[in-house]
Amino acid sequence: MGESMTWVQALVLGVVQGLTEFLPVSSSGHLRIVSSVFFGEDAGASFTAVTQLGTEAAVLLFFAKDIWRIVTVWFATVFEKLSARERVPLAEQVTTKLPVVTGSGPVGYDPEAEAQRELDYRMGWYVIIATIPIGVLGFLFKDQIRTGARNLWLVAIMLIVFALVIAAAEHYGRKERPMEQLTTRDGVVMGLAQCLALIPGVSRSGATSSAGLFLGLKREAAVRFSFLLAIPAVTASGLFSLPDAFEPAGEGLNASGLQLLVATLVSFAVGYASIAWLLRFVERHSFYWFVGYRIVLGFVIIGLLAAGVVSAT
């Protein structure tokens, strides 16, 4: 059993979680690094997962209007389709798309509103489809994620390797398609990319945003969908890890319930500010800034490990 976490450690780690969750630098990797380098113990995968609930709450608040619209439209449309199927012969049930209205449409018909409704309906499905892979792999490899995957050698190498992936996505991505042109393929590929975030050092936002850039999405569209995509998986992971956060597997810092709550609230406040900053940043700047930071940090950690200053485990 590890040491008890102090209040300073809880506050610092809450700030680190909030600052790094949405940047393509890996929040889990940073929590692992900060807790080991400055505090001498790993805060643990469960502490990371629980404090991520704070940053996901920030996403829910920041995108509340969009999320509410997507959820209500998705449920309403699914209900309409199920009701229609009860009245339509099976042979005629050949489409999964929303009805297309041609011409001027009925009185009061708003083509822009209908286009937004169709996009919201598709977005709901894309998030669901994209969440399945990480849900399955996260459950199957939960023990490895909490132990071996947190080795600092692996974290440092992933920081560097995936920095090159992000750089390649920034360089080769066409950045032509806006959010309105998202497809099922985009959802599937970005969902598979999200699975890489199970390895500390990769970065959930880095993996999904890079996949979006490779697919030709504009930088802001890739980032915004990345935010929405993370909500189900991260929320489920945090709730699933909540009991284990009080009894970490193996050695690690043990946080009290109140410390977990405060760290989560801190990550919420800092995370909300981070979202607003990142969305403004990607409108005018590339991901290369983060690439350079990741590479430098990765080599610094490798140097500390090689010198024996910090332990890999």
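Residues numbered from 1 in each chain as written. Predicted model: local features only at pLDDT ≥ 70, side-chain atom pairs only at ≥ 80, totals over all residues. Heavy atoms only, no water.

Asker: Help me understand the packing of helix H1 (residues 7-20) against helix H11 (residues 257-284) in this model?
Answerer: Helix packing geometry: the angle between the two helix axes and the distance between the axes. Interhelical geometry of H1 versus H11 gives an angle of 30° and a closest axis separation of 7 Å. Comparing the axis directions of H1 and H11 gives the class roughly parallel. Between H1 and H11 lies a crossing whose hand is right-handed. Judged by residue contacts, Trp7, Ala10, Leu11, Gly14, Val15, Gln17, Gly18 and Leu19 of H1 engage Leu258, Gln259, Val262, Ala263, Val266, Ser267, Val270, Gly271 and Ser274 from H11. Of the residues in the contact of H1 with H11, the class split is 10 nonpolar, 7 polar and no charged. (Axes fitted to C-alpha atoms, helices over the stretch in contact; angles between N-to-C directions. Helix = DSSP H or I, 4+ residues; strand = E, 2+ residues; numbered from the N terminus. Parallel < 35°, antiparallel > 145°, perpendicular 65-115°, else oblique. Left-handed = near helix turned anticlockwise from the far one by under 90°. Contact = heavy atoms within 4.5 Å. Nonpolar A, V, L, I, M, F, W, Y, C, P; charged D, E, K, R; others polar.)

Asker: How do you make sense of the environment of Ala115 when you look at a structure like this?
Answerer: Position of Ala115 relative to the elements: it lies in helix H5 (residues 111-140). Judged by relative accessible area, Ala115 falls into the partly exposed class, the value being 46%. With 65 residues separating them along the chain, Ala115 and Glu180 place their C-alpha atoms 8.9 Å apart. (Buried < 20%, exposed > 50% of the residue type's maximum accessible area, 1.4 Å probe, protein only.)

Asker: How should the pattern of salt bridges be read in this particular structure?
Answerer: Two side chains of opposite charge can pair, provided their charged atoms sit close to one another. Inspection of the entire model under this criterion finds 13 salt bridges. With a shortest N-O distance of 2.6 Å, Asp120 and Arg69 are connected by a salt bridge. With Asp120 in helix H5 and Arg69 in helix H4 (residues 64-87), the pair connects residues that are 51 residues apart, well separated along the chain. Across the pair Arg224 and Glu220 runs a salt bridge, and its minimum N-O distance is 4.0 Å. Taken together, the residues span about one helical turn, with Arg224 and Glu220 both in helix H10 (residues 219-245) at a distance of 4 residues. Owing to a relative accessible area of 25%, Arg224 belongs among the partly exposed residues under this scheme. With a relative accessible area of 28%, Glu220 lands in the partly exposed category. One salt-bridge network, in which partners are shared between bridges, spans Asp66, Arg69, Asp120, Glu220 and Arg224. (Salt bridge = Lys/Arg side-chain N within 4 Å of Asp/Glu carboxyl O.)

Asker: Would you explain the nonpolar core in this entry?
Answerer: A general feature of soluble globular proteins is that nonpolar side chains tend to end up buried together. Formed by 45 residues in total, the largest nonpolar core has its most connected members in Phe63, Met123, Phe225, Phe227, Leu228, Ile275 and Leu278. Counting residues per element, this core draws most heavily on H10, which supplies 8 residues. Setting aside residues up to four positions removed in sequence, Ile275 forms contacts with Phe22, Ala58, Val59, Phe62, Phe63 and Phe227. In this structure, Val16, Phe39, Leu253 and Leu260 belong to the second largest nonpolar core, which totals 14 residues. (Core = buried A, V, L, I, M, F, W, Y, C linked by side-chain atoms within 4.5 Å.)

Asker: What's the story with the packing of helix H8 (residues 184-194) against helix H9 (residues 204-214) in this structure? I'm lost.
Answerer: For the pair H8 and H9, interaxial distance at closest approach is 8 Å and the crossing angle is 150°. Judged on the interaxial angle alone, H9 and H8 are roughly antiparallel. For the element pair H8 and H9, the recorded crossing hand is right-handed. Within the contact between the two elements, H8 uses Val189, Met190, Ala193 and Gln194 and H9 uses Arg204, Ala207, Thr208, Ala211 and Gly212.

Asker: What is the right way to look at the environment of Gly238 in this model?
Answerer: Position of Gly238 among the secondary structure elements: in helix H10. Take Gly238: its relative accessible area is 0%, and that puts it in the buried class. Linking Gly238 and Leu53, residues 185 residues apart in sequence, is a C-alpha distance of 5.8 Å. Residues contacting Gly238, with those up to four places away along its chain left out, are Ala49, Val50 and Leu53.

Asker: Looking at this structure, I do not really get empty space enclosed by the protein. What am I missing?
Answerer: With a probe scaled to a water molecule rolled over the atoms, the places where space remains empty come into view. One pass over the structure, following the stated rule, counts 1 cavity of 30 Å³ or more. Size it by volume and the largest cavity reaches roughly 50 Å³. Together, Glu21, Phe22, Glu56, Arg204, Ser205, Ser226, Phe227 and Ala230 line the largest cavity. Elements supplying a minimum of two residues to the lining of the largest cavity: H9 and H10. Of the residues forming the lining of the largest cavity, the biggest block, 3 residues, is contributed by H10. Each residue belonging to the lining of the largest cavity can be placed in one class, and the counts come to 3 nonpolar, 2 polar and 3 charged. (1 Å grid on protein atoms, 1.4 Å probe; cavity = no way out; pocket = protein on both sides within 12 Å on 5 of 7 lines; lining within 4 Å. Points joined across faces, edges and corners; volume = space filled by probe spheres on them.)

Asker: Teacher, can you tell me more about unusual backbone geometry here?
Answerer: Apart from glycine, the bulk of residues carry a negative phi angle, and the bulk of peptide bonds sit in the trans form. Although it is not a glycine, Ser26 sits at a positive phi angle of roughly 80°. Relative to the helices and strands, Ser26 is located in the loop between H1 and helix H2 (27-39). In the Ramachandran plot, Ser203 falls in the positive-phi region, its phi being about 95° despite a non-glycine side chain. Of note, Ser203 is situated in the loop between H8 and H9.

Asker: Got a minute to help me understand the packing of aromatic side chains in this structure?
Answerer: Centre distance and the angle of the planes are the two values used to describe a pair of aromatic rings. What the rule picks out here adds up to 10 aromatic pairs. Between Phe63 and Phe227 the ring centres are 5.7 Å apart and the planes differ by 45°, which places this aromatic pair in the tilted class. Within this pair, whereas Phe63 is found in the loop between helix H3 (45-62) and H4, its partner Phe227 is found in helix H10, the two being separated by 164 residues in sequence. Here Phe63 and Phe227 have matching classes, each one buried. For the ring pair Trp277 and Phe281, a centre distance of 4.8 Å and an interplane angle of 25° mean the geometry is stacked. Pair noted here: Trp277 and Phe281 are both in helix H11, with a separation of 4 residues, about one helical turn. Assessed through its relative accessible area of 37%, Trp277 is described here as partly exposed. Judged by relative accessible area, which is 12%, Phe281 ranks as buried. (Phe/Tyr/Trp six-rings, centres within 6.5 Å; stacked < 30°, edge-to-face > 60°.)

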